[in-house]
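The primary structure of each chain is shown beneath.
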Amino acid sequence: MTAYTATVTVRLKRGVLDPEAETTQQALERLGFELGDLRSADRFEIDLDADDEHEAAERADEMAERLLANPTIHDYDVAVEPRE
Amino acid sequence: MTVSVVRFGGSNCDRDAVRALEYLGVDADIVWHEDGLPADTEGVVVPGGFSYGDYLRAGAMAAQSPVMDEVRALADDGVPVLGVCNGAQIGCEAGMTPGAFTTNASARFQCERVHLRVENADTPWTAAYSEGDVLEVPIAHGEGRFEIGEDAYDDLVADDRVLFRYCDADGEVTDEANPNGSTGAVAGLTGDRDNVAVMMPHPERATLPELGATDGQGVLSAFA
């Protein structure tokens, strides 16, 4: 078994309204920042032990499918790295 | 009929639901979710509130709790199940109804009275009304914007599963009358079968005459 950290990033699908991101963008603009667009995402860092990277990714993928993301509104991606 | 009102940590409309049901002559008891549903449960309300502190997404945690497997099994047997507000979010997260309820377009928590147009009066939840009736019922939510994929929305409409749409006092569905930016101004819908329904507005807050509004009685009378 090897120690991995799986990072699951959950973001709204393109085209789904993100009022919190819009509000954040407006606040940044009020502070004088210039920006084109702002998108927000949730990031989960999951430490787990697995036989290999593939298995770690598969398990993190299932976590995203079952709970971390809502397929109606979200896309997600999974990145796996060995953990020191 | 005995209705089980499922209480999670953070539910806060459970007692309101029991009082409203009892006013309509329906036996109702609060059931702590970890205790499971009593064997004599003949109806289920998943009430409003902030179960699990709305962590992750409103309703996401409660939807995964074991009691929801029991609720789903009863629903499959035809038992009436109603999710209100947080209960509606839980119902969608649990896959009992399609779509999702997410952050209001305003990005604000909104607590106000709204108007609803009855879209389909041929369900247990709307049998007390006529199609096109306009109800006045309160909302109180920050995450009530109904989102659903285009194809799934078309199916929902084609199958006549929209119960209520937000409208103005005259029954017109307009952008101005849509409090949260919901797709199709959908405020309530049924599952695959019409014994399961979810809605963001609170019928239990529009049932007791002393609260000044009674238009929600018809929804809860599905349990009578």
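In short, a report on the structure. (Residues numbered from 1 in each chain as written. Chains lettered and ligands numbered in written order. Predicted model: local features only at pLDDT ≥ 70, side-chain atom pairs only at ≥ 80, totals over all residues. Heavy atoms only, no water.)

A short note on the overall build of chain B
So, step 1. Of regular secondary structure, chain B possesses 6 helices and 11 strands.
So, step 2. Scaling as 2.2 N^0.38, a compact globule of 224 residues should have a C-alpha radius of gyration of about 17 Å, and chain B matches this with 16 Å.
So, step 3. For the C-alpha atoms alone, the extent of chain B along its principal axes is close to 45 × 35 × 30 Å.
So, step 4. Among the 224 residues that make up chain B, the fraction classed as buried is 57%.
So, step 5. For chain B, long-range pairs separated by at least 24 residues make up 75% of all intrachain contacts whose partners lie at least 6 apart in sequence.
So, step 6. Counting 13 positive and 39 negative side-chain charges, chain B places the averaged centre of each group 6 Å from the other. (Helix = DSSP H or I, 4+ residues; strand = E, 2+ residues; numbered from the N terminus. Rg over C-alpha atoms; globule rule 2.2 N^0.38 Å. Buried < 20%, exposed > 50% of the residue type's maximum accessible area, 1.4 Å probe, protein only. Contact = heavy atoms within 4.5 Å. Lys, Arg positive; Asp, Glu negative; His and termini not counted. Charge placed at Lys NZ, Arg CZ, Asp CG, Glu CD.)

Considerations on the environment of Glu93(B)
So, step 1. Turning to its location among the elements, Glu93(B) is positioned in helix H4 (residues 86–93).
So, step 2. For Glu93(B), a relative accessible area of 16% corresponds to the buried category.
So, step 3. When the C-alpha positions of Glu93(B) and Gly43(B) are compared, they lie 20 Å apart, and in sequence the two are 50 residues distant.
So, step 4. If near-sequence neighbours (up to four positions away) are discounted, Glu93(B) is found in contact with Asn70(A), Arg57(B), Ala58(B), Gly59(B), Ala60(B) and Ala63(B).
So, step 5. A polar atom in the side chain of Glu93(B) sits 2.7 Å from the side chain of Arg57(B). (Polar contact = N/O pair within 3.5 Å; in protein donor to acceptor, adjacent residues only side chain to side chain.)

Brief notes about unusual backbone geometry
Residue and element names in this part refer to chain B.
So, step 1. Its identity is not glycine, yet Cys 85 carries a phi of approximately 60 degrees, on the positive side.
So, step 2. If you trace the backbone, Cys 85 turns up in the loop between strand S4 (81–84) and H4.
So, step 3. By relative accessible area, Cys 85 is classed as buried at 5%.
So, step 4. With a phi close to 60 degrees, Asp 160 is a non-glycine residue in the positive phi region.
So, step 5. Here Asp 160 shows up in the loop between helix H5 (150–158) and strand S9 (162–167).

Let's talk about helix H1 (residues 14–23) of chain B
All names here are of chain B.
So, step 1. Among the residues making up H1, those that are buried are Asp 14, Ala 17, Val 18, Ala 20 and Leu 21. The buried residues of H1 occupy one face: seen down the axis, they fall within an arc of 165 degrees. Facing away from the buried surface of H1 by more than 90 degrees, the exposed residues are Arg 15 and Arg 19.
So, step 2. Looking one or two residues past H1, Gly 25 carries a phi angle of roughly 85 degrees, positive in sign. (Arc of directions from axis to C-beta.)

Here we look at the sheet that holds strand S10 (residues 186–190) of chain B
Residue and element names in this part refer to chain B.
So, step 1. Taken in spatial order, the 9 strands line up as S2-S1-S3-S4-S11-S10-S9-S6-S7 in an open sheet, and their pairing is mixed. In this open sheet, the two strands that pair with only one neighbour each are strand S2 (27–32) and strand S7 (134–141). The average undirected angle you get between the axes of adjacent strands in this sheet is 25 degrees.
So, step 2. Pairing geometry for S9 and S10, over 3 bridges, is antiparallel. Residue pairing in the sheet places Arg 165 in a bridge with Val 186 of S10. (Pairing = 2+ DSSP bridges. Axes fitted to C-alpha atoms, helices over the stretch in contact; angles between N-to-C directions.)

Here we look at the pairing of S7(B)
All names here are of chain B.
So, step 1. Burial analysis of S7 places 6 of its 8 residues in the buried class, which makes it a mostly covered element.
So, step 2. Where strand S6 (residues 110–118) meets S7, 8 bridges bridge the pair, whose relative direction is antiparallel. What sits directly across from Leu 116, in S7, is Leu 135.

Some thoughts on the interface of chain A and chain B
So, step 1. Residue-level contacts link 14 residues of chain A with 15 residues of chain B.
So, step 2. For the chain A and chain B pair, buried surface summed over both sides reaches about 1,200 Å², with 62% attributable to carbon and sulfur atoms.
So, step 3. Taken as a group, Pro19(A), Leu67(A) and Thr72(A) account for 39% of the area that chain A buries against chain B, more than any other trio of residues on that side.
So, step 4. The interface formed by chain A and chain B holds 0 salt bridges in total. (Buried area = accessible area lost by both parts, 1.4 Å probe. Salt bridge = Lys/Arg side-chain N within 4 Å of Asp/Glu carboxyl O.)

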